[in-house]
Amino acid sequence: MPAALVNVPPKAKRGTVIEIKTLMSHVMEPGYRHTAAGEVVPRDIITGFTCKFNGTEIFRADLYPAIAANPFLSFFTTASESGKFEFEWIGDNGFVATASAAITVE
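Every value quoted in this text rests on a predicted model; they were computed, and no experiment measured them.

Mind laying out the overall build of the protein, listing which residues take part and the relevant values?
Secondary structure assignment for the protein yields 0 helices and 8 strands. Ordering the α and β elements of the protein from the N terminus gives β-β-β-β-β-β-β-β. Its C-alpha atoms give the protein a radius of gyration of 16 Å, more than 25% over the compact-globule value 13 Å for 106 residues. Counting only C-alpha atoms and orienting by the principal axes, one finds that the protein spans roughly 60 × 20 × 20 Å.

Rendered as structure tokens:
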């Protein structure tokens, strides 16, 4: 079962720049390897990541086979109001994982 870790500061002062870090547990099989019997190991990667704040998309990344297993993403945003971050990872074979975190802006 995939596990998402997100690091969002619980509090921030209005107008400050905050760093958001995410880590998704996933094997990220690129589809180039072969089994001992010579069969291709099917591709199984995370293909996209989005972060929304209070329902508005603030960050998006398209991911490709060159991304390592357990992809780590870090990005910055400005703390403008209290609310909720929603994170979504989408991948091959119907993979979807979500996480959320709240922040209080003073």
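Which residues make up the sheet that holds strand S3 (residues 17-24), and what values go with them?
Overall, antiparallel pairing links the 3 strands, which are arranged S1-S3-S6 in an open sheet. For this open sheet the edge positions go to strand S1 (4-7) and strand S6 (72-78), each flanked by a neighbour on one side alone. Shown here is a sheet whose adjacent strand axes are inclined to one another by a mean of 15 degrees, direction ignored. Sheet topology places S3 next to S6; 7 bridges connect them, and they run antiparallel. Following the sheet pairing, Thr22 is matched in S6 by Leu73.

Now, about the side chain of Asp92: what can you tell me, with residues and values included?
Take Asp92: it is sitting in the loop between strand S7 (83-91) and strand S8 (96-105). By relative accessible area, Asp92 is classed as buried at 15%.

How would you summarise the side chain of Glu29 if you had to cite specific residues and measurements?
Looking at the secondary structure, you find Glu29 in the loop between S3 and strand S4 (46-53). Judged by relative accessible area, Glu29 falls into the buried class, the value being 10%. Apart from residues lying up to four places away in sequence, Glu29 is in contact with Val41, Pro42, Arg43, Asp44 and Ile45.

A description of unusual backbone geometry should follow, citing residues and the corresponding values.
Note: most residues except glycine have negative phi, and most peptide bonds are trans. Even without being glycine, Asn54 reaches a positive phi, approximately 50 degrees. On the secondary structure map, Asn54 appears in the loop between S4 and strand S5 (56-62). Look at Asn93: it is not a glycine, yet its phi comes out positive at around 60 degrees. In this structure, Asn93 sits in the loop between S7 and S8.

Explain the confidence of the model for the protein residue by residue, including any values.
The share of residues in the protein with pLDDT of 70 or more is 98%, and the mean pLDDT across the chain is 94. Of all secondary-structure elements in the protein, the lowest mean pLDDT belongs to S1, at 96, while strand S2 (residues 11-12) reaches the highest, 98.

Rules used in this analysis
- Residues numbered from 1 in each chain as written.
- Predicted model: local features only at pLDDT ≥ 70, side-chain atom pairs only at ≥ 80, totals over all residues.
- Heavy atoms only, no water.
- Helix = DSSP H or I, 4+ residues; strand = E, 2+ residues; numbered from the N terminus.
- Rg over C-alpha atoms; globule rule 2.2 N^0.38 Å.
- Pairing = 2+ DSSP bridges.
- Axes fitted to C-alpha atoms, helices over the stretch in contact; angles between N-to-C directions.
- Buried < 20%, exposed > 50% of the residue type's maximum accessible area, 1.4 Å probe, protein only.
- Contact = heavy atoms within 4.5 Å.
- pLDDT = per-residue confidence, 0-100.

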